[in-house]
Amino acid sequence: MADAVIIGAGQAGIQAALSLRAMGFDGRVRLLGDEAAAPYQRPPLSKGFLLGKVAESELLLRSAHALSGQAIEWLGQTRVRRINRPGRSVETDTQRFSYDALIIATGGRAHRPEIEGASLQGVETLRSIDDALRIRSELAPGKRLVILGGGYIGLEVAAASTQAGCKVVVVEGASRVLCRVAPPALSQFFEKEHRARGVEIELSSTISRIVGTDGKVSAVELESDRVLPADIVLLATGLIANDELAVTAGLPCNRGILVNEWAATEDPRIFAIGDVAVQYHAQTQAWVRMESVANAVWQGKMAASCVTSSPPPLPELPWFWSDQFDIKLQIAGLSHPEDEIILRGDPGDAKFCMFTARNGVLTSVSAVNSPGEFLVAKRLVAARRDLPLAALRDRSVALKQYLLD
Ligand code: FAD
């Protein structure tokens, strides 16, 4: 019998709790989260939920009732202030919880760049249900939205708010959208698709100041001196890992909590999972902090398997998806900007796969509106074996053929 405490009741935290139970853990499982809502999924917040197509109840990963049915003690609005490693406990302002195993799943918060006017009403970030509800209440035909940051969240909100009738400008500091996360050719595809649907994109550009009237945002000024009228400004400039508890507890951190391949920190009783964890990635030989549901789920299972001494989950390629307008993007693997690109299909048809390869070995696949091919392509990338790369361009040969060879 042992006590497990999980800090953070998001995607990773709830997965760890459910997996502990599924793997036969019979001690207490306490899931401490600082939000009021029961654990919920965030991906729809920038997609269907903004458009009113997904209801709040559909976001829930488990109801409070379902959690208690599995003897998971979920405590909402419970913010952990301190980890006491020598005493093996965590502390809120009023309570203390002892642990034999501690899993930190505190995620991250939206980065807020220091820009004059960033505290005006109508300047938003998007991470939680409350953020999404505020933004959604402002979206209406004719409203002007300026988004700083052309990453996935920025582009998804651009797509949803354009569909809601807003006039949208995306301001991106780099020379292409999705600069950190996609090969250049994929960036060009998404830029073209957004522009074709009326989204204005300002590349190599940044906001110098946000201007307001009566405390409410009214415009943004770009460094080029261009002034964009705005009813809403979304700052979509990335995430800061919530690693402060671990830093204060003396655990090694570097923009996230450093963990080994088993999601363990240097303290054998403490694990870190999800957006807050920085894990060594053998393929790229780099420390990587993933922001994806798949990673949160996999690391949640991994931590639970260590706590229960159960077999670890099977290794999985990192993977991710994004929905923008009617375009479904699925990505698996990790690419490097210098990797070779192998295009299968025509981006002009908005249905294609883009592989990347290094030294003759596939490193990733990005599939656009091709869910069937994605499933096979993911297995090909994971196999890491020699393939006739140039032949992958030929769509008359089914991808699954290469699994058999
Ligand atoms: P979170 O889900 O953020 O959960 C962490 C929880 O810990 C939060 O509730 C936080 O409030 C709480 N917490 C923090 N500190 C404390 C404390 N001291 N005490 C108690 N509680 C604390 N991923 C995809 O794969 N595909 C997508 O399409 C996609 N779209 C996304 C769209 C949006 C708008 C956002 C915000 C994210 C999206 N993601 C997507 C990323 C995905 O949602 C995250 O990777 C995932 O939620 C990470 O789970 P997590 O549990 O690590 O963090």
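Residues numbered from 1 in each chain as written. Predicted model: local features only at pLDDT ≥ 70, side-chain atom pairs only at ≥ 80, totals over all residues. Heavy atoms only, no water.

**Student:** Would you take a moment to explain the site of the ligand for this structure?
**Tutor:** Close contacts around the ligand come from 32 residues, with D34, E35, K47, R127 and D275 the closest. Between the ligand and S292 there is a distance of 3.0 Å, counted from an oxygen atom to a backbone nitrogen or oxygen. In this structure, an oxygen atom belonging to the ligand sits 2.9 Å away from a main-chain N or O atom of W321. Contact with the protein chains removes 96% of the 1000 Å² of surface that the ligand exposes when unbound. A breakdown of the residues in the shell around the ligand according to their chemical character gives 13 nonpolar, eleven polar and eight charged. Each of domain 1 (3–109 + 239–308) and domain 2 (112–235) accounts for three or more of the residues forming the shell around the ligand. (Near = heavy atom within 4 Å. Polar contact = N/O pair within 3.5 Å; in protein donor to acceptor, adjacent residues only side chain to side chain. Areas by Shrake-Rupley, 256 points an atom, 1.4 Å probe, with all protein chains shown as cover. Nonpolar A, V, L, I, M, F, W, Y, C, P; charged D, E, K, R; others polar. Domains from an automatic or database assignment.)

**Student:** Could you clarify how one ought to interpret the pattern of salt bridges in this entry?
**Tutor:** Between side chains of opposite charge, a pair can form when the charged atoms approach closely. One pass over the full model with this rule turns up 26 salt bridges. Across the pair R195 and E191 runs a salt bridge whose closest N-O atoms are separated by 2.9 Å. Linking R195 with E191, this pair stays in helix 6 (residues 184–196), spanning four residues, or about one helical turn. One salt bridge in this structure joins R197 and D326, with 2.8 Å as the shortest N-O distance. (Salt bridge = Lys/Arg side-chain N within 4 Å of Asp/Glu carboxyl O. Helix = DSSP H or I, 4+ residues; strand = E, 2+ residues; numbered from the N terminus.)

**Student:** What should I look at first to understand the sheet that holds strand 21 (residues 286–288) in this one?
**Tutor:** Paired through backbone hydrogen bonds, the strands of a sheet run either parallel or antiparallel to each other. Strand order across the open sheet formed by three strands is 18-20-21, with mixed pairing between neighbours. Every other strand in the sheet has two partners, leaving strand 18 (257–259) and strand 21 as the edge strands with one partner each. Shown here is a sheet whose adjacent strand axes are inclined to one another by a mean of 35°, direction ignored. Pairing of strand 20 (residues 277–281) with strand 21 involves three bridges; the strand directions are antiparallel. Bridge pairing in strand 21 links Q279 to V288. (Pairing = 2+ DSSP bridges. Axes fitted to C-alpha atoms, helices over the stretch in contact; angles between N-to-C directions.)

**Student:** Sorry if this is basic, but what is going on with helix 8 (residues 293–308) here?
**Tutor:** Taking 1.5 Å per residue, 16 residues should reach 22 Å; helix 8 reaches 23 Å between its end C-alpha atoms and fits that length. Along helix 8, twelve of the 16 residues are buried, which leaves the element largely enclosed by surrounding structure. Taken residue by residue, helix 8 has A294, N295, A296, V297, W298, Q299, G300, M302, A303, A304, S305 and T308 as its buried positions. Looking at the buried side of helix 8, the elements it contacts are helix 1 (11–22), strand 7 (101–104), strand 19 (270–272), strand 20 and strand 22 (319–324). Positive backbone phi, approximately 55°, marks S309, located one or two places after helix 8. (Expected span 1.5 Å × (residues − 1). Buried < 20%, exposed > 50% of the residue type's maximum accessible area, 1.4 Å probe, protein only. Contact = heavy atoms within 4.5 Å.)

**Student:** Would you mind going over the UniProt feature "domain: Reductase C-terminal" (unreviewed entry) in the protein with me for this structure?
**Tutor:** This chain's UniProt record puts "domain: Reductase C-terminal" (unreviewed entry) on residues 319–402. For residues 319–402, helix accounts for 19% and strand for 43%, while the C-alpha atoms at its two ends are 21 Å apart. (UniProt positions renumbered as here; feature names shortened; annotations may be inferred.)

**Student:** I would appreciate a short explanation of the packing of aromatic side chains in the present structure.
**Tutor:** Two aromatic rings are characterised by how far apart their centres lie and by the angle between their planes. In this structure the tally under the stated criterion is five aromatic pairs. Plain terms: the ring middles of F189 and F352 are 4.9 Å apart, the flat faces sit at 75° to each other, and that makes the pair edge-to-face. In this pair, F189 sits in helix 6 while F352 sits in strand 25 (residues 351–358), placing the two residues 163 residues apart along the sequence. A single burial state applies to F189 and to F352, both of which are buried. Put simply, the rings of F189, F190 and F352 pair up and form one aromatic cluster. If you follow R136 out to its NZ or CZ, it ends over the ring of F49, 4.4 Å from the centre. (Phe/Tyr/Trp six-rings, centres within 6.5 Å; stacked < 30°, edge-to-face > 60°. Lys NZ or Arg CZ within 6 Å of the ring centre and 35° of its normal.)

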